[in-house]
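Fold and geometry: a report
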Amino acid sequence: MTNTIDYTKYFKNYNFINDYCYNKDDYISEVLIKNYQTSIYNTDVNNKNDVKFMKKIDNIMKIYIIDSDFQKLVKIKLNDINDNYIQDLNTILIREYDNFQNNVGNISTSRWI
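Keep in mind that this is a model prediction, so the values were computed, not measured. (Residues numbered from 1 in each chain as written. Predicted model: local features only at pLDDT ≥ 70, side-chain atom pairs only at ≥ 80, totals over all residues. Heavy atoms only, no water.)

1. Re helix H3 (residues 48-66)
For clarity, the cut-off: Under the scheme used here, helices are H or I runs from DSSP no shorter than 4 residues and strands are E runs no shorter than 2 residues, and both carry numbers assigned from the N terminus. A helix's residues, less one, multiplied by 1.5 Å, set its expected span. Note on exposure labels: buried denotes an accessible area under 20% of the residue type's maximum, exposed denotes more than 50%, and partly exposed covers the range between, all computed with a 1.4 Å probe on protein chains only. Pairs of N or O atoms are called polar contacts if they sit within 3.5 Å, as long as, within protein, a hydrogen donor faces a hydrogen acceptor (for residues adjacent in sequence, only side-chain-to-side-chain pairs).
Relative to the 27 Å expected for 19 residues at 1.5 Å per residue, H3 spans 27 Å between its end C-alpha atoms, a close match to the ideal helical length. Taken together, the buried positions of H3 are Val51, Met54, Ile57, Asp58, Ile60, Met61, Ile63, Tyr64 and Ile65. Two or three places before asparagine 49, at the opening of H3, asparagine 47 has a side-chain oxygen 2.9 Å from that residue's backbone nitrogen.

2. Points about the packing of helix H2 (residues 27-41) against helix H4 (residues 68-80)
Filter applied, for reference: Axis geometry follows a simple rule: fit a line to the C-alpha atoms, using only the stretch in contact for helices, then measure angles between N-to-C directions, giving values from 0 to 180 degrees. Any angle from 65 to 115 degrees is called roughly perpendicular, while one under 35 is roughly parallel, one over 145 is roughly antiparallel, and all others are oblique. Two residues form a contact once any of their heavy atoms are found within 4.5 Å.
In the contact formed by H2 and H4, the axes pass within 10 Å of each other and the chain directions differ by 95°. Regarding the angle of H2 to H4, the classification is roughly perpendicular. Across the interface between the two elements, Ile28, Ser29 and Leu32 of H2 pack against Val74, Lys75, Leu78 and Asn79 of H4.

3. Describing the side chain of asparagine 13
With respect to the helices, strands and loops of the structure, asparagine 13 is situated in the segment before helix H1 (14-18). The residues contacting asparagine 13, other than those within four sequence positions of it, are Tyr36, Asp58, Asn59 and Lys62.

4. Comments concerning the confidence of the model for the chain
Short version of the rule: Per-residue confidence from the predictor is reported as pLDDT, a score between 0 and 100.
Taken over all residues, the pLDDT of the chain has a mean of 87, while the share at 70 or more is 84%. Within the model, pLDDT remains below 50 along residues 106-110, and this stretch shows zero contacts once partners closer than five positions in the same chain are excluded.

5. Notes on the packing of H2 against H3
Test applied: It is the rotation of the near helix from the far one that decides the hand of a crossing: anticlockwise by less than a right angle makes it left-handed, clockwise makes it right-handed.
The geometry of H2 relative to H3 is characterised by a closest axis approach of 11 Å and an angle of 155° between their N-to-C directions. Taken together, the axes of H2 and H3 are roughly antiparallel relative to one another. H3 is crossed by H2, and the crossing has left-handed handedness. Contacts between H2 and H3 involve Ile28, Ser29, Leu32, Ile33, Tyr36, Ser39 and Ile40 from the former and Met54, Ile57, Asp58, Met61 and Tyr64 from the latter.

6. Some remarks on the nonpolar core
To be explicit about the condition: In these notes, a set of buried Ala, Val, Leu, Ile, Met, Phe, Trp, Tyr and Cys residues joined through side-chain atoms within 4.5 Å is what counts as a nonpolar core.
Counting residues in hydrophobic clusters, the biggest one holds 28 residues, and the most contacted among them are Phe11, Leu32, Tyr36, Met61, Tyr64, Phe70 and Leu78. Elements that contribute at least two residues to this core include exactly H1, H2, H3, H4 and helix H5 (89-105). Broken down by element, this core gets its largest block of residues, eight residues, from H3.

7. Overview of the side chain of serine 39
In this structure, serine 39 sits in helix H2. In contact with serine 39, not counting residues within four places along its chain, are Met54 and Asn90.

In structure tokens:
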């Protein structure tokens, strides 16, 4: 008898990400979701550091899906990288998310009077 893991217990966006319907021509989204799934299934849920890292990826992937600006940035970045240099998509996602957050924080808004 195999022990099945309820990934939704650890990763709140698990179903949302896996149910995302991307355009069949959207190679980058397909690769990112497959990478997400592989990373989740290879996570040792008993290792707090692994779970913490994948919770971050889980959150970033949700933002990738719902925020078109972030999605565009990630796609541009991945389109510009030679396939031979894509070692770890999770590292690239984290770096791009951090850059995105830093740039979003610099936007000033005007007040309407």
